[in-house]
Amino acid sequence: MSTQTLTHTDTAVEVAGLRQSYGEFEAVKGIDFTVPSGGLFALLGTNGAGKTTTIEVLEGFRPAAGGTVRLLGLDPYRSRKALRPRVGIMLQESGLIGDLTVAETVDLWRDLHVRPMERVAALALVGLTDKSGVRVRQLSGGQKRRLDLALAVVGRPEVLFLDEPTTGMDPEARIATWRLIQDLVAAGTTVLLTTHYLEEAERLADRVAIMHRGEIRIAGTVPEVVAGHGDRVAFLVPAEAPIDSLPRIDGAAPEIVVDDGRPTARYTVTGGEPDGRAHRTVATLLAWATSRNVTLNRLSVRPASLEDVFLTIVEENR
Ligand SMILES: Nc1ncnc2c1ncn2[C@@H]1O[C@H](COP(=O)(O)OP(=O)(O)OP(=O)(O)O)[C@@H](O)[C@H]1O
């Protein structure tokens, strides 16, 4: 059997047994993950789960209280100076200076780097070319996020930290940002992303981890994370069949979720695709509907999503 040892060039981010406390409160309780070079890892979780605390240790803002953390093979706290030109950071709250123009802001950041992008190239990447002469304080919230992103990438970083990068962006800007992130990853940049938009993680990430109360509860590729969480069979509750008359399947009543203002009945089919349980669930529902002469509108079967897994984890750990 051959063994392969990962070198520091293979692994951009290594976190092993990381612990972090604020006084008596343990915000991060011993977590492990790695991000290979050129990978995109999404750290997801509930409010207060410990994501920002984790990222701040990786960014070198504070030392790890326990465990080990390596960024490009180096201790991010001790080697802050060496790492700074190799790392791009987009924080949740930007420290932009309102009086400067967009162009002046980009030039200020360019001066901090050895081989920065041209200003016009950085602004074109984020769709702010026509805002070059505008003062930062006059930008909208979403435009400020785009400027933050331009500043994070202007130094051509090897590793990019994106903390909720698309919050406040309109759908068009969000999709353009996703494309930019995908292009950066395709060009070899390693990205560590936190986001509350699970669809964003589903689209972009090679691997995800879901944190809750300081621990990673589940991690892997999106298909690995959703595997074992079954399929969802759903339909609009027929007006003729009130909620309490809906059938139980395998002893379970449906969950009722409101979709577009209309109640939708949702059955979770554990066991998933291979054993045909989704098929049997649909057949049972159709037989029930036919016998009552009601129609199951918008009847659908879909695999569990990251959001389903996320909500299950929160529910189980209430
Ligand atoms: N400076 C601090 N002093 C005391 N407690 C803190 C401090 N910073 C964070 N915490 C606490 O540590 C926990 C983790 O916070 P953190 O900001 O890392 O969570 P998060 O996962 O990034 O949350 P969110 O999704 O809401 O941004 C929270 O309970 C928070 O209240």
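Residues numbered from 1 in each chain as written. Predicted model: local features only at pLDDT ≥ 70, side-chain atom pairs only at ≥ 80, totals over all residues.

For the protein, the name recorded in an unreviewed UniProt entry is ABC-2 type transport system ATP-binding protein, with Actinoplanes campanulatus as its organism. Its UniProt record gives the protein the following Subcellular location (unreviewed entry) comment, quoted word for word: "Cell membrane". (UniProt positions renumbered as here; feature names shortened; annotations may be inferred.)

This paragraph deals with the packing of helix α3 (residues 102-110) against helix α5 (residues 141-153). Where α3 contacts α5, the axes come no closer than 9 Å and their chain directions differ by 25 degrees. It follows that α3 is roughly parallel to α5 by the angle criterion. Relative to α5, α3 is oriented so that their crossing is right-handed. Taking contact as the criterion, the partners of V102, T105, V106 and W109 in α3 are, on α5, L147, A150 and L151. Tallied by class, the residues present in the contact of α3 with α5 amount to six nonpolar, one polar and no charged. (Axes fitted to C-alpha atoms, helices over the stretch in contact; angles between N-to-C directions. Helix = DSSP H or I, 4+ residues; strand = E, 2+ residues; numbered from the N terminus. Parallel < 35°, antiparallel > 145°, perpendicular 65-115°, else oblique. Left-handed = near helix turned anticlockwise from the far one by under 90°. Contact = placed C-beta atoms within 7 Å. Nonpolar A, V, L, I, M, F, W, Y, C, P; charged D, E, K, R; others polar.)

With that settled, consider the sheet that holds strand β7 (residues 190-194). Strand order in the open sheet formed by six strands is β5-β6-β7-β3-β8-β9, with mixed pairing between adjacent strands. Either end of the sheet is taken by a strand with one partner, and the two such strands are β5 (87-90) and β9 (215-220). Each neighbouring strand pair of the sheet contributes to a mean axis angle of 15 degrees, computed without reference to strand direction. Both β5 and strand β6 (residues 159-163) contribute to a ladder of four bridges, which runs parallel. Among the inter-strand pairings, I89 is bridged to a residue of β6, identified as F161. Against the sheet, α5 touches β5 and β6, its axis set at about 170 degrees to β5. (Pairing = 2+ DSSP bridges.)

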